[in-house]
Each structure stands twice: as structure tokens, then as C-alpha cells.
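Below, each chain spelled out in residue letters.
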Amino acid sequence: MSYTIIIGLEVHVQLATSSKLFCGCSTTFGAAPNTQTCPVCTGTPGTLPVMNEEAYRLSVKAALGLNCQIAKFTKWDRKSYYYPDLPKGYQISQFDQPLSFDGHLDIPDPANEGEIRRIGIIRAHLEEDAGKSMHDEEAGKADSRIDLNRTGTPLLEIVSEPDLRSPAEAKNYLTELKLLLNYLAVSDCNMQEGSLRVDANINLHIDSPEGKIATPIVEVKNMNSFRSVERALTYEAERQWEIWQETGQRLGDVPKQTRGWDEAAQITRGQRSKEESSDYRYFPDPDLVPVTMTDEAIGQIRETLGELPAALRDRLGREYDITPYDADVLVNQGRELVDYFLTTAQGCGDGKVAANWLQQSVLRTLNEQQATIDQFPVSADDLAGLIKIVLAGKMETSRGREVLAEMIASGTTAEEAMKSLGIAEVDESDLEALCAELIAANPKVVEDVKQGKLKAAGSLIGQAKKKNPNANATRVREICLQLIEQM
Ligand SMILES: [Zn+2]
């Protein structure tokens, strides 16, 4: 028997607002515990929440980027549950009328290079975050403390259809989603700071002689990186297959289970049976007015989307003649790097060559230095200047890389770096004179070449380099062969 893995993801992203969703408290990460709270976000009776319009605008922007329908009317609901880090005893969320629905995200198909998989988005809605419980943080003490700084921070919950068919697809979906949200500037998506959190629903569809059988759905939590998502889902699929073989349990036989990923042990552990939504006693929040949107307001937000990753990859391939792989590498680095590429490509006049320089020199340096493109010491114009010198045949690529290394080290232009390295551009007429001189001095080589032994020309290149280290080997070879042919 074989099986198909069925995965749906729920992603919570913290929106890039300066204040919380229903009060004016700061959302800055890393402040001392409980210094960013007020009576509203700590749920003091008698206080009234007021919606942060910027959070709503960013949510609609993200939803439009995900090709969602935007609701003209939406309301706020209370999701009731008790937890020490939720002082109100309920979370303000959106239940049956989310602000957006019915979207999709196209992702690279990990099984077929160059192909696209379209993943449905069920809904994206806005809600407030809870606080943070910290356990056993002081050495040797069994202490529990609560930090309410995060309470009330705006979260966009993005729920995918169960369209993902492998852990690798789940990882690609998350990578593409994060890239999209970065381009839209709606969230910094920093997983370490909790700005992006992933919960996964997974089960198996087993092909059996009696037809397709679905196993119970499990929700997996506590995954701290995209890699751990991939690993946790791989583990969980295998575990469910084993459980199925042991118990034969099907969807509906047992309640939905929540399991946590244990990164150290590389396994998932059972946590609790999942609440059904009726357990949350959702009801409309009487303190908040519903939100209405007009076509005009939606249109205004749509105008702020900018060029998104998929369209950008397409344009780079079309207008700059670079491969889908190269376009992918550049676009996946973020908009700033793409802008750097565009300036370089336009400045030197060759997109393909510019893409090579960016990948082989610029990105390599950024990786080594753990830096971003805005910290790169060579401007796109100066890099374009260097590439132009190389393209004109005045300097070899390998020497050009030495020059770039000097430009990075000293922050100078190509001309200045060449001067300080003692590299001079070699004039074409000087090069011709040099070649003519060498040919006159090496009749044996000329004879060999004339007899078809083109390799013999190599000794001329070596001699040319000795006389002028800046001579371009490729050009020397070309000119020599040409001169010999004319003899
Ligand atoms: Zn507050």
C-alpha cells in the first residue's frame, strides 16, 4: 500500500506596526518584561479597545498579495479561553467573517524543477497575540513568570488549504510566503523573535484495496525554523504510517491531537486533544464596531503592493536574459539586492554578466561577512564600471575579481583600485604591437600554428604576460592567431 501526505499550514505573522492592535502600547521587541502594557491590553474592566487602522491596512495589503478576496464587512469576535498569559480570559479574533478569503500562493514545485504548484489560501484574518509565559528561567529555581509586553500585538493568521503534499512543499510554501511578506513590508518575519510562527496540520491518505482511507489529523506545533518544519513533518508522516499499521485508526476514530516538535530529540510528542471551536464560545465583541471596506479603499491599498516576487522573476528572465535559476537566486535575496542588480545590469549593459558577478562575487562576500547588500562597500555604479572594463576586453575576468576584492577592501572605484594594484588597462594598439613583436621573434611557433597546432600559440601568451602582466590572454591569443593567418 502507498500513501499521500496531506499538509495544511497555519502561519501567524506579527504585523510591522509600531503600536498594538487595540491600544497605543509599543510593539518593540526586547524591552524589559511588562514595560509595554496599559489597562486596555491587560484587560482592566471598564477600558475600551480602539482598532489600529495601520494594522488593518497591512492585513489587507498582505491578503491582496495572496490573491484573496477582501471582505466589505467584517467584525471582531471573542475567543474565550483561560491561560495565565491571557489576562482578559479571551482573545479578540475574527471567527466567521474574516477580513479576507479564497486566495492562493504559487510556489516552486520541489519535485519538478521550473514548475509551479498553486496552494490555496482559505483565509487570512487579524487577531491579537497573547503574552508570554516563561518557566524555570532562573538557575535552580522552579519559577514561572509572565511577560505581557506581547499581549495585544497584531497577528495576521494565514490558513492554507490542505494542498501541500510533502514536507519539502511545506518548506517551499513558507519560504515563498516569507519572501512575499518581506516584499510587501507587512512583517519582518523574524522567527527568532516570534514574528512568524507555524502550526501544521498533517495526515495521510492511504490507498487501500477498499479505497482511499484518511488517518486522524494531527496538529504539530513548536517548530522554530523552516528546517524544523520540514523535519517535524517528515517524522510525523512516518509515525502516522506506523500507527496506522498498528491500530488501523481512521479520521474521526479519535479526537484531533496536538503534538509538539522536540528539536533536541527530533521527535513529536503528544500534548493534548485539540479543542473544537465550540469550546471557545466565540461571540461578537460588543466593545468594537465592525469594519467596512469600500472598493475605493481596497483599490488604494492595491496600488501600494509594488512588484511582487513572482512577477519580478518573470521580468528579470524576460528583460535581462537570465536563467530562471539566476532570477530565483536574485529575487529570493530581497528587493534591495534586485535593485542593486538592476542598476549594475543597466550600467554595464549586460544582465547575464551582471548576474554572474553578483552571484560569484557580491553574494559570496555578503555570505562570508554575514552582511546585507546595504552594507556592501561597492556601489552598483562602481561595480558596473568595473564590469564594463572587463567586457571591453581591457582586463581579464580573473584580474577583475582581484580589482573587486581591492574595491571591497578600500571602498574605491575600479580605476582607483586598479591604480593601487598596479593594473593598467592595456590599449588595443599596444596589444597588437606586442603580438607582432612576439610573432617576429618566434618563427617556430608560427610554423606550428600554420600546420594546425593551435596549442603552440600558448607559448606566445606566456611570453606576452611576461612582457606585460596586464595583457588579456584571450585577446593576445585572438590577435596572434589572426596575424599568423594573415601572413
Ligand atoms: Zn496597551
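Note that the structure is predicted; figures quoted are calculated from it, not measured.

Chemist: How should I be thinking about the side chain of Arg313 in this particular structure?
Modeler: Tracing the backbone shows Arg313 in helix α5 (residues 309-320). A polar side-chain atom of Arg313 sits 2.7 Å from a polar atom in the side chain of Asp328. Excluding its chain neighbours within four sequence positions, the residues that come into contact with Arg313 are Glu176, Leu179, Ala327, Asp328, Val331 and Asn332.

Chemist: Looking at this structure, I do not really get the side chain of Asp77. What am I missing?
Modeler: Assignment of secondary structure puts Asp77 in strand β4 (residues 77-80). The exposure class of Asp77 is buried, given its relative accessible area of 2%. Polar contacts involving the side chain of Asp77 include one to the main-chain amide nitrogen of Phe95, which spans 2.8 Å. When sequence neighbours within four positions are dropped, the list of residues in contact with Asp77 reads Gln91, Ile92, Ser93, Gln94, Phe95, Asp96, Tyr282, Phe283, Pro284 and Asp285.

Chemist: Whenever I open this one, the sheet that holds strand β16 (residues 283-284) confuses me. Can you help?
Modeler: The strand order across the open sheet built from 3 strands is β5-β4-β16, with neighbouring strands paired in antiparallel fashion. Each edge of the open sheet is held by one strand with a lone partner, namely β5 (90-93) and β16. Pairing between β4 and β16: 2 bridges, direction antiparallel. From the neighbouring strand, Asp77 faces β16, where its bridge partner is Pro284.

Chemist: Explain the coordination of the zinc ion here, please?
Modeler: Six octahedral donors around a metal ideally make angles of 90 or 180 degrees; four tetrahedral donors ideally make 109.5 degrees. Within the protein, the atoms that donate to the zinc ion are Cys23 (SG), Cys25 (SG), Cys38 (SG) and Cys41 (SG), at distances of 2.3 to 2.4 Å. Ordering the donors of the zinc ion by residue number gives the pattern C-x1-C-x12-C-x2-C. With a gap of 13 residues between them, Cys25 in the loop between β1 (2-14) and α1 (53-65) and Cys38 in the loop between β1 and α1 connect regions that are remote in the sequence.

Chemist: Looking at this structure, how should I read helix α8 (residues 351-369)?
Modeler: In an α-helix, one turn spans 3.6 residues, which is why side chains three or four residues apart end up on the same side. Between its first and last C-alpha atoms α8 spans 25 Å; for 19 residues at 1.5 Å apiece the expected length is 27 Å, and the two agree. Residues of α8 that are buried include every one of Gly351, Ala354, Ala355, Trp357, Leu358, Ser361, Val362, Leu363, Thr365 and Leu366, and no others. Residues of α8 that are buried sit in contact with α5, α6 (324-331), α7 (335-348), α9 (380-391) and α10 (397-410). Backbone geometry just downstream of α8 places Gln370 in the positive-phi region, at approximately 50°.

Chemist: What is the right way to read the environment of Asn468 from this model?
Modeler: Among the secondary structure elements, Asn468 is positioned in the loop between α14 (457-467) and α15 (473-486). Here Asn468 falls in the partly exposed class, since its relative accessible area comes to 23%. Distance in space between the C-alpha atoms of Asn468 and Leu431 is 9.2 Å, their sequence separation being 37 residues. The residues contacting Asn468, other than those within four sequence positions of it, are Val426 and Leu434.

Chemist: Where do I start with the pattern of salt bridges in this structure?
Modeler: What the rule picks out here adds up to 31 salt bridges. Across the pair Arg250 and Glu210 runs a salt bridge whose closest N-O atoms are separated by 3.3 Å. Within this pair, whereas Arg250 is found in the loop between α3 (226-247) and β14 (257-262), its partner Glu210 is found in the loop between β11 (196-208) and β12 (211-214), the two being separated by 40 residues in sequence. According to the relative accessible area criterion, Arg250 is partly exposed, its value standing at 33%. Of the charged contacts in the structure, one is a salt bridge between Arg315 and Glu307, with a shortest N-O distance of 2.8 Å. Residue classification places Arg315 among the buried residues on the basis of a relative accessible area of 18%. Residue Glu307 is classed as partly exposed on the basis of its relative accessible area of 28%. Several salt bridges share partner residues, and in doing so they unite Glu307, Arg315, Glu319, Arg335 and Asp339 into one network.

Chemist: Can you help me understand the pairing of strand β6 (residues 100-108) in this one?
Modeler: Regular strands place their side chains on alternate faces of the sheet. Bridge count for strand β2 (residues 69-70) against β6 is 2 bridges, and the pairing is antiparallel. Across the sheet, Ile70 pairs through a bridge with Ser100, a residue of β6. Taken together, the 8 bridges between β6 and strand β7 (residues 116-128) define a ladder with antiparallel strand orientation. Bridge pairing in β7 links Ile107 to Arg117.

Chemist: Help me understand the packing of aromatic side chains, please; the structure alone is not making it clear to me.
Modeler: Applying the stated criterion across every chain, the model contains 8 aromatic pairs. Ring geometry for Phe95 and Tyr282: centres 3.9 Å apart, planes at 5°, overall stacked. One end of the pair, Phe95, is in the loop between β5 and β6; the other, Tyr282, is in the loop between β15 (267-273) and β16, and 187 residues separate them in sequence. Phe95 sits in the partly exposed class, given a relative accessible area of 33%. Feature note: the residues Tyr81, Phe95, Tyr280 and Tyr282 constitute an aromatic cluster, connected by ring pairs. Just above the ring of Tyr280 sits the side chain of Lys79; from NZ or CZ to the centre is 4.4 Å.

Rules and cut-offs
Residues numbered from 1 in each chain as written. Predicted model: local features only at pLDDT ≥ 70, side-chain atom pairs only at ≥ 80, totals over all residues. Heavy atoms only, no water. Helix = DSSP H or I, 4+ residues; strand = E, 2+ residues; numbered from the N terminus. Polar contact = N/O pair within 3.5 Å; in protein donor to acceptor, adjacent residues only side chain to side chain. Contact = heavy atoms within 4.5 Å. Buried < 20%, exposed > 50% of the residue type's maximum accessible area, 1.4 Å probe, protein only. Pairing = 2+ DSSP bridges. Donors = N, O, S within 2.8 Å, 3.2 Å for Na, K, Ca; no water. Expected span 1.5 Å × (residues − 1). Salt bridge = Lys/Arg side-chain N within 4 Å of Asp/Glu carboxyl O. Phe/Tyr/Trp six-rings, centres within 6.5 Å; stacked < 30°, edge-to-face > 60°. Lys NZ or Arg CZ within 6 Å of the ring centre and 35° of its normal.

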